[in-house]
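Analysis of the macromolecular model
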Amino acid sequence: MKTIDSIPTSKMQRASKLVTTGAKIGVNYLKYYGDKITKTEVEAKARLNENNAEDIYDGLKKLKGSALKVAQMLSMEKSILPAAYVEKFSLSQFSVPPLSPALVTKTFKKYFGKNPNEIYDKFNDVSVNAASIGQVHKAEKDGKKLAVKIQYPGVAESIASDLSLVKPIAIKMFNIRGKDSDKYFKEVENKLVEETNYVLEVEQSKAIVDACKHIPNLNFPNYYPELSSDRIITMDWMNGVHLSEFKFKNQKVANKLGQALWDFYMFQIHNLKKVHADPHPGNFLISPENELIVIDFGCMKTIPNDFYVPYFELAKKENLANAAYFEQKLFELEILRKDDSEEELIFFRAMFHEMLSLFTQPFHQETFDFSDEVFFGKLSELGAKYSKNTELKNMNGNRGSKHFIYINRTFFGLYNLMHDLKAKDVKINNYKSL
């Protein structure tokens, strides 16, 4: 794969890249109108989606950083985005052009004052894995095989400017209105800033490993603070394949891995009130022994009690059936607002009741089959239904506590991973006995 010798870091440089991408999209639409003359609407739209997805991804992968991270987050929205976008954006999880060896060496000199070969006994300056914020290299020291994660230059400094560029698109996409809409963007900005702080990531990693290492069939790398800095992390090299590349072997293995993944998340959420909020396939490996390996703790979300309590109260079947209690919790979670019109109250009560009644089904049973195509088909249908709802587009989409952004992202990502594993007979409350 071709390497990158430089990354645009100033707001003007990054904005110009997006403008170039926008021009390509304009050309794609002209082709689309031409295709409609000779092809069916379905064929023409499919080609438009493929062309746009490719051009947008090509533009974002040159920027890297938070711009590419947004694509990574969107790749998890399988029920909303067209398949062409999901397929292309999912590449941002672990397959983007890496930094050149010269730029890698320059980064080490900046943060350690040394070349990597002066720090490690062996260091491969060709990346084995490149994602949105950093890339990974193989190394060895004192007989140990190591993974060294290097952050792309300028990523941390460009977060605010990147978000200001994508903010108008996000406002339109999610129908966000109102003077307090900035709280959502600030939540995303704060999390992205945390993800670029590798000293914090090492601290978080060590804490979660200590808290969760007792969970069966789960494994983690060791981290080495003395070989890490605020832009470089050194950890154990873990042998395994990315979850997305894992080939389904048999149901027993799938169930074992699914149970480990589910227990890991439920234990964090309910016992630690803090959760690994970036559940995409690139952050998980499956070892040759069929154990689940977690390799990235850059994005951790603390769950405050005043959000945790009403959120999980609405996961209970009896509370969904109690209209008055259900409405009270919607107000506590800022889904319903005191300034809502009667029309908005009626609409959003019904909408969230329908969504939660479906989405919380796993919590209404002792065990759940995450390979169930009917359940996931209904989730996709519901997502598509409200993404196209004209009535919703005319209402204030500024709904819910800021904590929904990462908690909902966590659950959607977790459900998708469980479905990809084809895990069955998963014990929902197994974490209580760990």
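So, a few notes on the structure that sits alongside this text. (Residues numbered from 1 in each chain as written. Predicted model: local features only at pLDDT ≥ 70, side-chain atom pairs only at ≥ 80, totals over all residues. Heavy atoms only, no water.)

1. Points about the overall build of the chain
This is how the line gets drawn: Here a strand is any run of E in DSSP of at least two residues, a helix any run of H or I of at least four, and the numbering for each starts at the N terminus. Each residue is placed in one exposure class: buried if its accessible area under a 1.4 Å probe, protein chains only, is under 20% of its type's maximum, exposed if it is over 50%, and partly exposed if it falls in between. In what follows, residue pairs with any heavy atoms lying within 4.5 Å of each other are defined as contacts. Only the protein chains shown count as cover for residues, with accessible areas throughout obtained via the Shrake-Rupley method and a probe of 1.4 Å.
Per the secondary structure count, the chain includes 17 helices and 13 strands. Expressed as a percentage of the 434 residues in the chain, the buried residues total 52%. Considering only residue pairs separated by 6 or more positions, the chain has 72% of its internal contacts joining residues 24 or more positions apart. When the accessible surface of the chain is split by element, carbon and sulfur atoms take 54% of a total near 20300 Å².

2. Structural notes on the pattern of salt bridges
Let me state the cut-off plainly: In what follows, salt bridge is the name for a side-chain nitrogen of Lys or Arg lying within 4 Å of a carboxyl oxygen of Asp or Glu.
Counting across every chain of the model gives 14 salt bridges. The salt bridge partner of Glu334 is Lys183, with a shortest N-O separation of 2.8 Å. A residue pair is termed long-range when its members are at least 10 positions apart, and Glu334 in the loop between helix H13 (323–332) and helix H14 (342–359) and Lys183 in helix H8 (residues 182–195) qualify at 151 residues. Under the relative-accessibility criterion, Glu334 is labelled partly exposed at 34%.

3. Things to note about the sheet that holds strand S5 (residues 218–219)
Rules: Two strands pair under a simple rule: DSSP has to find at least two bridges between them.
Spatially, four strands are ordered S5-S10-S9-S7 in an open sheet, and the strand pairing comes out mixed. One side of each edge strand has no neighbouring strand; the edge strands of this open sheet are S5 and strand S7 (241–242). As paired elements, strand S9 (residues 284–286) and strand S10 (residues 292–294) share three bridges and run antiparallel to each other. Within S10, the position partnered with Leu285 by the bridge is Ile293.

4. Describing the environment of Met355
Tracing the backbone through its elements, the reader meets Met355 in helix H14. If we skip the residues at most four places from it in the chain, Met355 touches Leu382 and Tyr386.

5. Remarks on helix H17 (residues 404–421)
The α-helix winds at 3.6 residues per turn, so residues separated by three or four positions along the chain end up facing the same way. Put simply, the rule is: A helix's residues, less one, multiplied by 1.5 Å, set its expected span.
Here H17 spans 25 Å end to end across 18 residues, near enough to the 26 Å set by a 1.5 Å rise per residue. Across the 18 residues that make up H17, a large majority, 14, are buried. Two residues or fewer after H17 comes Lys422, characterised by a positive phi angle close to 60°.

6. Here we look at the packing of helix H10 (residues 251–272) against H17
Counted only if it meets this: For helices, the fitted axis covers only the stretch in contact; all axes are lines through C-alpha atoms, and the angles between them, taken along N-to-C directions, range from 0 to 180 degrees. Oblique is the label for every angle not falling under 35 degrees (roughly parallel), over 145 degrees (roughly antiparallel), or within 65 to 115 degrees (roughly perpendicular). Helix crossings get a hand from a simple test, with the near helix turned counterclockwise from the far one by less than a right angle marking a left-handed crossing and a clockwise turn marking a right-handed one. Following the grouping adopted for this structure description, the nonpolar residues are Ala, Val, Leu, Ile, Met, Phe, Trp, Tyr, Cys and Pro, the charged ones are Asp, Glu, Lys and Arg, and the polar ones are all others, Gly among them.
Two elements in contact, H10 and H17, have axes separated by 9 Å at closest approach and are oriented at 165°. Regarding the angle of H10 to H17, the classification is roughly antiparallel. Here the hand of the crossing between H10 and H17 comes out left-handed. Residues Ala254, Leu257, Gly258, Leu261, Trp262, Tyr265, Met266 and Ile269 of H10 lie in contact with H17, whose contacting residues are Thr410, Phe411, Leu414, Tyr415, Leu417, Met418 and Leu421. Its residues placed into classes, the contact of H10 with H17 shows 13 nonpolar, two polar and no charged.

7. A few points about the side chain of Ser228
The test is simple: Pairs of N or O atoms within 3.5 Å make up the polar contacts considered here, provided that, within protein, one atom can donate a hydrogen while the other can accept it, and that residues adjacent in sequence are counted only when both atoms are side-chain atoms.
Looking at the element boundaries, Ser228 is found in the loop between S5 and strand S6 (232–236). By relative accessible area, Ser228 is classed as buried at 13%. Of the polar contacts made by the side chain of Ser228, one reaches the backbone oxygen of Tyr224; its length is 2.8 Å. Apart from residues no more than four positions distant in its own chain, Ser228 is found in contact with Phe112, Val202, Ile233 and Thr234.

8. Regarding the pairing of S6
Extensive coverage of S6 is indicated by the burial of five of its five residues. By the bridge criterion, five bridges tie strand S4 (residues 144–151) to S6 in an arrangement that is antiparallel. The residue of S6 that forms the bridge with Leu146 is Asp236.

9. Things to note about the pairing of strand S3 (residues 134–141)
By the bridge criterion, two bridges tie strand S1 (residues 122–123) to S3 in an arrangement that is antiparallel. Across the sheet, the residue bridging to Phe123 is Ala139, located in S3. Both strand S2 (residues 129–130) and S3 contribute to a ladder of two bridges, which runs antiparallel. Of the residues in S3, the one forming a bridge with Ala130 is Gln135. Of the pairings in the sheet, the one linking S3 to S4 comprises eight bridges and is antiparallel in character. Considered in S4, the bridge of Lys141 is made with Lys144. Linking S3 to S4, which pair antiparallel, is a turn of two residues; within it Asp142 sits at a positive phi near 55°.

10. Structural notes on the environment of Ser181
The residue Ser181 is located in the loop between helix H7 (159–173) and H8 in this model. For Ser181, a relative accessible area of 10% translates into the label buried. For the pair Ser181 and Lys402, spaced 221 residues apart in sequence, the C-alpha separation works out to 9.4 Å.

11. Describing the packing of aromatic side chains
What counts here: Geometry of aromatic contacts follows a simple scheme: Phe, Tyr and Trp rings, the Trp one being its six-membered ring, pair when their centres are within 6.5 Å, and the pair is stacked under 30 degrees between planes, edge-to-face over 60, tilted otherwise. In this analysis the charged atom, NZ for Lys or CZ for Arg, is taken to sit over a ring once it is within 6 Å of the ring centre and within 35 degrees of the ring normal.
For the structure shown, the criterion picks out 28 aromatic pairs. When the ring of Phe108 is compared with that of Tyr120, the centres are 6.1 Å apart and the planes differ by 85°; the resulting orientation is edge-to-face. Placement of Phe108 in helix H5 (residues 101–112) and of Tyr120 in the loop between helix H6 (116–119) and S1 is noted, with a sequence separation of 12 residues between them. Ring plane angle 70° and centroid distance 4.9 Å describe the contact between Phe368 and Phe370, whose orientation is recorded as edge-to-face. Grouping residues by exposure puts Phe368 and Phe370 together as buried. In this structure, Lys273 packs its charged tip against the face of Tyr308, placed 4.3 Å from the ring centre. Sitting over the face of the ring of Phe348, Arg399 holds its NZ or CZ atom 3.9 Å from the ring centroid.

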